[in-house]
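Tertiary structure, described
In case you want the letters, here they are:
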Amino acid sequence: MTLPDDLRSDLLALSREIHADPELAYHEERAAARIRALLVKRGHSVEMGIGGLATAFRARVGPPGPSVALLAEYDALAGVGHGCGHNLIAMTNVGAFLLAATDPKRLEVAVELIGTPAEEDGGGKIDLLNAGVFDSVAFALSTHPSAQCAWAVSGSGLGIVEKRVIYRGLSSHAGSSPERGRNALNGLIRLFTGIDGWRQHLPSTSRVHGIIDFGGDAVNVVPARAEARIALRAKDLATLEEMVAMFTDIAQGAALETATTVEITEYLRLYQPVSANERLGDVVVEELRQRGVEPQRGTLVTASTDLGNVSQKVPTDWVRFPVSPAPIAGHSDVMREACLTDLAHANALLTTEALGAAARRVATDAKLRERIAA
Ligand SMILES: [Zn+2]
């Protein structure tokens, strides 16, 4: 399956437009509208606002019943814009859907494109799973740009939860009566140093990191409240649970040391580790090989995605494709610029063709579907 020239230029324009106009999680109105416009131009109808999310959508062709779904993402990062390259995730999955959806009469099961908002913050796929949007999905495929300069299929990722932490103390004049105050910021700082001490005992695949959202109103007032958000990541759920328990102890220890109190609540719901279906991945690998690409298999990426939650429910695999000639930092200004280069777009177009062909094969080969689902 090769992309006709006019579709190539439409997909590149889509990628550039989304990249130039970053929108944050759950507010990707213009990106969703741009994708919809391209699908409509290509003769598809698009159901907007599925699963109760304004910026989620679905386009579908083929018979009723189970489907092969391609999952597009299009949200950006606060402060960095498209430093995760979701413009390329949108472009590749839209293109793969359009390829796989050609000649719909030959499809034995449906092919669909699901627009999934809020991967970076919130977990739109979790909302869509809970709303039943994936109930008829039998196989899921998607993509992600790689900052590691590597082609990879059947990769895994870390599970993640994020906690909001609020320390509360007592305000007081920081000069005339500090002895009457209890410093909530001191509690929070001790949490961060406690985490730094803990980190040396964590598995090398675990991650803990956070930001301080609030540390006081005025220098001359002992802060009565301090707030942070902290992410905990691990490659399996058992390790993640142990980490949450230890994190809670450290946070309470910091409160005890400073005579403050701490409240810990959920900020980001659990993103499960990605569990790829290697038989589905084999189909994608065969298509990449035919195009001269030999991908790595089973690589652990120490990032996290709500695609993991989909992968726990339906057979799922994804392609990671390079956007730079050497490894770079993900979620960075450098990554943002890399996700707009000719190299990135060439690899995205190759990925689009391979993924479209793989989706098409799954949707037209009953034996293959049985093997994958077994
Ligand atoms: Zn990201």
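Refer to the structure presented above.
Overview of the structure. (Residues numbered from 1 in each chain as written. Predicted model: local features only at pLDDT ≥ 70, side-chain atom pairs only at ≥ 80, totals over all residues. Heavy atoms only, no water.)

1. What about the overall build of the chain?
The secondary structure content of the chain amounts to 11 helices and 14 strands. Rg of the C-alpha trace for the chain: 23 Å, near the compact-globule value of 21 Å for 374 residues, within the 12% margin. Reported as C-alpha extents along the three principal axes, the dimensions of the chain are approximately 80 × 40 × 40 Å. The buried share of the chain, taken over its 374 residues, is 54%. (Helix = DSSP H or I, 4+ residues; strand = E, 2+ residues; numbered from the N terminus. Rg over C-alpha atoms; globule rule 2.2 N^0.38 Å. Buried < 20%, exposed > 50% of the residue type's maximum accessible area, 1.4 Å probe, protein only.)

2. A short note on the layout of surface pockets
Empty space left among the atoms is revealed by rolling a probe the size of a water molecule over them. When its volume is computed, the largest pocket comes out at roughly 1200 Å³. Every residue lining the largest pocket is counted, 44 residues in all, and those nearest its centre are L77, E120, R233, A303 and H331. Counting residues per element, the ones that place at least two in the lining of the largest pocket are β5 (137-146), β7 (156-157), β8 (159-168), β9 (207-214), β10 (225-234), β11 (261-271), β13 (300-301) and β14 (316-322). Examining the composition of the lining of the largest pocket, we find that four residues originate from one element, β10, more than from any other. Tallied by class, the residues present in the lining of the largest pocket amount to 23 nonpolar, 14 polar and seven charged. (1 Å grid on protein atoms, 1.4 Å probe; cavity = no way out; pocket = protein on both sides within 12 Å on 5 of 7 lines; lining within 4 Å. Points joined across faces, edges and corners; volume = space filled by probe spheres on them. Nonpolar A, V, L, I, M, F, W, Y, C, P; charged D, E, K, R; others polar.)

3. Notes on the packing of aromatic side chains
The geometry of an aromatic ring pair comes down to the distance between the two centres and the angle between the two planes. Applying the stated rule across the entire model yields two aromatic pairs. Ring geometry for F57 versus Y74: centroids 5.7 Å apart, planes at 20°, classification stacked. Linking F57 in strand β2 (residues 57-61) with Y74 in the loop between β3 (67-72) and α3 (86-100), this pair joins segments that are 17 residues apart in sequence. Take F57 and Y74: they sit in the same class, and that class is buried. (Phe/Tyr/Trp six-rings, centres within 6.5 Å; stacked < 30°, edge-to-face > 60°.)

4. Topic: the nonpolar core
Grouped together as the largest cluster of nonpolar side chains are 62 residues, with contacts concentrated most on I35, L39, L70, V94, F97, L113 and L288. A per-element tally of this core places helix α10 (residues 342-363) first, with 10 residues. In contact with L39, not counting residues within four places along its chain, are H44, V46, F57, A59, V94, F97, L98 and L113. By size, the runner-up hydrophobic cluster in this structure holds 22 residues, among which are V165, V208, I230 and L240. (Core = buried A, V, L, I, M, F, W, Y, C linked by side-chain atoms within 4.5 Å. Contact = heavy atoms within 4.5 Å.)

5. Points about α3
The end-to-end C-alpha distance of α3, which contains 15 residues, comes to 21 Å, matching closely the 21 Å that a straight helix rising 1.5 Å per residue would cover. Within α3, 15 of the 15 residues are buried, leaving the element largely enclosed by the surrounding structure. (Expected span 1.5 Å × (residues − 1).)

6. Some remarks on the coordination of the zinc ion
Protein-derived ligands of the zinc ion are C84 (SG), E120 (OE) and H331 (NE2), with the metal-ligand distances lying across 2.1 to 2.2 Å. Counting the intervening residues between successive donors of the zinc ion yields the motif C-x35-E-x210-H. Here H331 lies in the loop between β14 and α9 (333-338) and E120 lies in the loop between β4 (110-115) and α4 (124-130), a separation of 211 residues in the sequence. Judged by its relative accessible area of 19%, E120 is buried. H331 sits in the partly exposed class, given a relative accessible area of 42%. (Donors = N, O, S within 2.8 Å, 3.2 Å for Na, K, Ca; no water.)

7. Digging into the environment of T239
Among the structural elements, T239 can be located in helix α6 (residues 237-258). For T239, a relative accessible area of 19% translates into the label buried. Once the C-alpha coordinates of T239 and E263 are considered, the two residues, 24 residues apart in sequence, prove to be 22 Å apart. Beyond its immediate stretch of four places on either side in the chain, T239 contacts P203, S206 and A234.

8. Points about the pattern of salt bridges
Under the definition given, this model contains 29 salt bridges. Between E353 and R8 there is a salt bridge, with the nearest N and O atoms lying 3.4 Å from each other. Within this pair, whereas E353 is found in helix α10, its partner R8 is found in helix α1 (residues 5-20), the two being separated by 345 residues in sequence. When its relative accessible area of 30% is taken as the criterion, R8 is described as partly exposed. Between D306 and K125 there is a salt bridge whose closest N-O contact spans 2.7 Å. Taken as a pair, D306 in the loop between β13 and α8 (307-311) and K125 in helix α4 lie far apart in primary sequence, 181 residues in all. Owing to a relative accessible area of 0%, D306 belongs among the buried residues under this scheme. Judged by its relative accessible area of 0%, K125 falls in the buried class. A cluster of three or more residues bridged by salt bridges with shared partners is formed by R8, E286, E287, R291, E353 and R361. (Salt bridge = Lys/Arg side-chain N within 4 Å of Asp/Glu carboxyl O.)

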